[in-house]
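Summary of the model geometry
The chain contents come next:
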Amino acid sequence: MEDVGMSEGSPQIRPVVASRPCATMDEVRAEIDRLDRLLVPLIAERLAYVAQAARHKPTRADVVVPWRIEEVVAKVRECAMAIGADADTIEQIWRSLMAISIDWEAWHFDRREARPSGR
Ligand SMILES: O=C(O)C(=O)C[C@]1(C(=O)O)C=C[C@@H](O)C=C1
């Protein structure tokens, strides 16, 4: 693979985004299914921490934290660029993920308010 992101003084970055060439659509879908099986537990674990966040926030308005959303976006964009992925697409995915996470967190916050002892 070619080196990307080379500039004076920057470390050498190699893209690690790779897909093996598939001969058929079935093979493509099998690879996508394989990756989905890896992604689901990771996303579920992220959501579990988002649910915990609802316990640490004083008010429902605190569920949405604009500065943190921008910080997360900046971090995942940097991560994407480091591996040669499309940073704009990754940003879109994470903004969608965080919008869903906000609903998830708000649901947990409301449940916490309804059952204060049942955290
Ligand atoms: O960092 C927080 O405060 C969170 O609740 C987590 C999270 C996220 O999904 O990363 C979710 C909602 C906030 O608006 C910001 C970020």
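Here is what the cut-offs are and how they apply
- Numbering of residues starts from 1 in each chain and follows the order in which that chain's sequence is written.
- This being a predicted model, a pLDDT of at least 70 is required before a residue's local features are given, and a value of 80 or more before pairs of side-chain atoms are given or counted; all residues contribute to the totals for chains, interfaces and linings.
- Only hydrogens and water are set aside; all other atoms, that is, all heavy atoms of the structure, feed into the side-chain values.
- In this analysis, axes come from line fits to C-alpha atoms, helices being fitted only over the stretch in contact, and the angle between any two N-to-C directions falls in the range 0 to 180 degrees.
- Helix and strand assignments come from DSSP, with helices taken as H or I runs of at least 4 residues and strands as E runs of at least 2, each series counted from the N terminus.
- Roughly parallel here means an angle under 35 degrees, roughly antiparallel means over 145, roughly perpendicular means 65 to 115, and every remaining angle is called oblique.
- Crossings are sorted by hand: turned counterclockwise from the far helix by less than a right angle, the near helix makes the crossing left-handed, and turned clockwise it makes it right-handed.
- Residues count as neighbours in contact if any of their non-hydrogen atoms are within 4.5 Å of one another.
- Buried residues of nine kinds, namely Ala, Val, Leu, Ile, Met, Phe, Trp, Tyr and Cys, make up a nonpolar core once their side-chain atoms join them within 4.5 Å.
- Any residue under 20% of the maximum accessible area for its type is buried, any over 50% is exposed, and the rest in between are partly exposed; the area is computed with a 1.4 Å probe on protein chains only.
- Being near a molecule or strand, for a residue, means having at least one of its heavy atoms within 4 Å of it.
- By the criterion applied in these results, polar contacts are pairs of N or O atoms within 3.5 Å in which, for protein atoms, one can donate a hydrogen and the other can accept it, and in which residues neighboring in sequence qualify only through two side-chain atoms.
- Residue-level accessible areas treat just the shown protein chains as cover; the underlying method is Shrake-Rupley with a 1.4 Å probe.
- Site definitions follow a grid-based scheme: protein atoms alone, a 1 Å grid, a 1.4 Å probe that fits but cannot get out for cavities, and for pockets an open set with protein on both sides within 12 Å along at least five of seven lines, plus lining residues having an atom within 4 Å of a point.
- Throughout, a molecule is located in a cavity or pocket provided that more than half of its atoms lie within 2 Å of its grid points.
- Classification convention: Asp, Glu, Lys, Arg as charged; Ala, Val, Leu, Ile, Met, Phe, Trp, Tyr, Cys, Pro as nonpolar; all other residues, Gly among them, as polar.
- To pair, rings of Phe, Tyr and Trp, with the six-membered ring standing in for Trp, must have centres within 6.5 Å; the planes then decide the type, stacked if under 30 degrees apart, edge-to-face if over 60, and tilted in the middle.

**Re the packing of helix α1 (residues 25-56) against helix α3 (residues 87-114)**
Contact geometry of α1 with α3 gives a least axis separation of 8 Å together with a crossing angle of 45°. One element, α1, and the other, α3, form an angle in the oblique class. Where α1 crosses over α3, the handedness of that crossing is right-handed. Residue-level inspection shows I43, R46, L47, V50, A51, A53, A54, R55 and H56 of α1 in contact with α3, the latter providing W94, L97, M98, S101, W104, E105, H108, F109 and R112.

**Things to note about the nonpolar core**
Grouped together as the largest cluster of nonpolar side chains are 8 residues: I69, V72, V73, V76, A80, A87, I90 and M98. Elements with a contribution of two residues or more to this core: α2 (66-82) and α3. Among the elements that line this core, the one with the most residues is α2, at 5 residues. Excluding residues that lie within four positions of it along the chain, A87 makes contacts with R77, A80 and M81.

**Notes on the site of the ligand**
Around the ligand, the surrounding shell holds 13 residues, and the nearest of these are R46, K57, V63, V65 and E105. Here an oxygen atom of the ligand and a side-chain polar atom of R46 are 2.9 Å apart. Taken by itself the ligand offers 360 Å² of open surface, and the protein chains cover 87% of this. A molecule is said to occupy a pocket when more than half its atoms come within 2 Å of that pocket's grid points, and by this definition the ligand occupies the second largest pocket. Elements with a minimum of two residues in the shell around the ligand: α1, α2 and α3. It is α3 that provides the largest number of residues to the shell around the ligand, a total of 4 residues. A class-by-class count of the residues in the shell around the ligand yields 8 nonpolar, 1 polar and 4 charged.

**Re the packing of aromatic side chains**
Across all of its chains, the model carries 1 aromatic pair by this definition. Residues W104 and W107 carry aromatic rings whose centres are separated by 6.4 Å and whose planes lie at 15° to one another, so their mutual orientation is stacked. Residue W104 and its partner W107 are both found in helix α3; the two are separated by 3 residues, about one turn of the helix. Overall, W104 belongs to the partly exposed group, its relative accessible area being 34%.

Keep in mind these values describe shape, not function.
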